[in-house]
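Chain and residue survey
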Amino acid sequence: MIARVLNPKWTYIPLLLSFLSLILIVAALSNGFSYDIISRIDYVDGQIVRAINGAHTSFWDSFMYQFTQKWLWVPFYVTIVAFLSLNFTLKQMFFIIVSIVLVILLADQICAGLLRPMFARFRPSHSALADTLHFVNGYRGGNYGFPSCHAANSVALATFLSYICRNHRMTSLLTVWFILMGLTRMYLGVHYPSDLIVGSIIGILIGGGIGSLCCRFSNVSPITETRMSWFPWTAFGLTCLWIAGRYLADTFA
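So, a few notes on the structure that sits alongside this text. (Residues numbered from 1 in each chain as written. Predicted model: local features only at pLDDT ≥ 70, side-chain atom pairs only at ≥ 80, totals over all residues. Heavy atoms only, no water.)

A few words on the nonpolar core. In summary, soluble globular proteins display a tendency toward joint burial of nonpolar side chains. Of all hydrophobic cores here, the largest spans 51 residues; its most connected members are L84, L161 and I164. For this core, the secondary structure elements donating two or more residues are α3 (58-67), α4 (74-87), α5 (90-119), α6 (149-164), α7 (168-187), α8 (193-217) and α9 (230-252). Looking at this core, the element that brings in the most residues is α6, giving nine residues. Look past the residues within four positions of I164 in its chain and what remains in contact with it is L84, F88, I96, C215, V220, S221, P222 and I223. Counting six residues, the second largest nonpolar core, distinct from the first, contains V49, L129, A130 and Y192. (Core = buried A, V, L, I, M, F, W, Y, C linked by side-chain atoms within 4.5 Å. Buried < 20%, exposed > 50% of the residue type's maximum accessible area, 1.4 Å probe, protein only. Helix = DSSP H or I, 4+ residues; strand = E, 2+ residues; numbered from the N terminus. Contact = heavy atoms within 4.5 Å.)

Right, dumping it as structure tokens:
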């Protein structure tokens, strides 16, 4: 039965842990902790970015650059909406679509409009580390990168969708998607790991919070049994194949 409902109270624990983690990280980056700790975090951040960015090849340059392009994932998002429409009523879909828009807007504006100007932390591509990094197609991003909007947006969307569709196929797909999204940002040299971690925590809080509110104040109930759960996986796989195929086409053209 598709509409089998789970008790959503389990989400309060990871949301609370994410909130506490965010407070600790923000306190550290605001010089709430010792300068030595901040320096060590910066050092480790730089070493990780340098290691991932340094493992570049022509194939991965093409793949990672294309993977991080937002327009490329429009068909995937359409597939997600189609998948949801097969498992929720029209009335429920209205609340879900409104919630998704709200999730993305909040995640993006909190990171880009509020926190980035507040912390003004330069991306690796605009720091002293830039001279040791490899950049793809000259892409360096904007000046500031803390926290990562890509991480916040993708994790917020993944958390919200995992909240209302508690299906292992859907959850595993979204997990693979946002991990790869974060990896591309470090590979391209435009984000530190801590940018991605804080962005992810913000995404968890927003996605889980909006998911909880959506289920509490509408007729949307979390489900575990879904129809055509392979559909989004197929779209994801085809998108990755298209990225790889485009590299091969350019190489042998």
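Positionally, R123 belongs in the loop between α5 and α6. Buried within the structure, R123 lacks any salt-bridge partner; D195 is the closest side chain of opposite charge, at an N-O distance of 6.5 Å. (Lys, Arg positive; Asp, Glu negative; His and termini not counted. Salt bridge = Lys/Arg side-chain N within 4 Å of Asp/Glu carboxyl O.)

What follows is about α4. In a regular helix each residue adds 1.5 Å, so 14 residues correspond to 20 Å; α4 covers 20 Å between its end C-alpha atoms and thus fits that length. Taken together, the buried positions of α4 are F76, T79, I80, F83, L84 and N87. Seen along its axis, α4 keeps its buried residues to an arc of 140 degrees; they face one direction. Against the buried residues of α4 lie α5, α6, α7 and α9. (Expected span 1.5 Å × (residues − 1). Arc of directions from axis to C-beta.)

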